[in-house]
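Tertiary structure, described
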Amino acid sequence: MQAAPSSPPRNRTWIKILAALVIAALALTGYFSLSGKKSAPDVTFQSINGQQLSMQSLRGKVVMVNFWATSCTTCVKEMPHMVQTYEKYKDKGLDFVAVAMSYDPPNYVLNYAQTRNLPFHVALDSKGDVAKSFEDVKLTPTTYVIDKKGNIIKRYVGEPDFAALHQLLEKALAA
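Described in the following lines is the structure provided in the data block. Every value quoted in this text rests on a predicted model; they were computed, and no experiment measured them.

With mixed pairing, eight strands are arranged side by side in an open sheet as β1-β8-β7-β4-β5-β6-β2-β3. A single partner strand is all that each edge strand has here, and the edge strands are β1 (38-39) and β3 (52-54). Taken together, the two bridges between strand β2 (residues 44-47) and strand β6 (residues 121-124) define a ladder with antiparallel strand orientation. Following the sheet pairing, Gln46 is matched in β6 by Leu124. The strands touched by helix α3 (residues 106-115) within the sheet are β4 (62-68), β5 (94-100) and β6, with β6 carrying the most contacts at an inclination of about 170°. Docked against the sheet, helix α5 (residues 162-174) engages β4, β5, β7 (142-146) and β8 (151-157), running at close to 170° with respect to β8.

Now the structure itself:
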């Protein structure tokens, strides 16, 4: 009996090279899609005092956008730290917008902001459009850090590690 002829070694080499190239291309695509900077959405915030504030008007500053709710225990717990962070970096170019979720009653938000003397912009997202624009935020707290060029550089879901957040802010503010 004769054995079936095997494919020449040359064909196997080409298949291996082709497979390696496909894997490398997929790896590069994955790397660039994960590491690529994403622009913050061009939204306009409606503040609790009736003023409008656009993301475009905040260009040139490092911006934190914090989605929160008065009914969110973690949000309420982290808010004093957010105030301290804002106070520490506002003179260096940090701006901050606290966006109340659509289900949060406006009078609760207003009361919270006034009784705590929140020093930054507090916005209402009554229709949920702003949350949808920011990757359809559903969980609170969710905080975005946006660089001076308008790119999202970090997203925190839950309370951030404030030491790490401060390092990130210092780097972004120095850029």
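Let's pick the thread back up.
A few words now on the state of the cysteines. Within the structure shown, the criterion is met by one disulfide. Note on cysteine connectivity: Cys72 is disulfide-linked to Cys75, with sulfurs 2.4 Å apart. Here Cys72 and Cys75 share a disulfide; its torsion about the S-S bond, 80°, makes the bridge right-handed. Residues Cys72 and Cys75 agree in their burial class; the two are buried.

For the rest of this paragraph, the subject is the packing of aromatic side chains. All told, the structure shown has seven aromatic pairs when counted by the stated rule. Arranged with centres 5.2 Å apart and planes meeting at 50°, the rings of Trp68 and Tyr112 form a pair that is tilted. Of the two residues, Trp68 is situated in strand β4 and Tyr112 in helix α3; the sequence distance between them amounts to 44 residues. Each member of the pair Trp68 and Tyr112 is classed as buried.

Reading the values: the criteria
- Residues numbered from 1 in each chain as written.
- Predicted model: local features only at pLDDT ≥ 70, side-chain atom pairs only at ≥ 80, totals over all residues.
- Heavy atoms only, no water.
- Pairing = 2+ DSSP bridges.
- Helix = DSSP H or I, 4+ residues; strand = E, 2+ residues; numbered from the N terminus.
- Contact = heavy atoms within 4.5 Å.
- Axes fitted to C-alpha atoms, helices over the stretch in contact; angles between N-to-C directions.
- Disulfide = S-S within 2.5 Å.
- Buried < 20%, exposed > 50% of the residue type's maximum accessible area, 1.4 Å probe, protein only.
- Phe/Tyr/Trp six-rings, centres within 6.5 Å; stacked < 30°, edge-to-face > 60°.

Treat this as a map of the structure, not an account of what it does.
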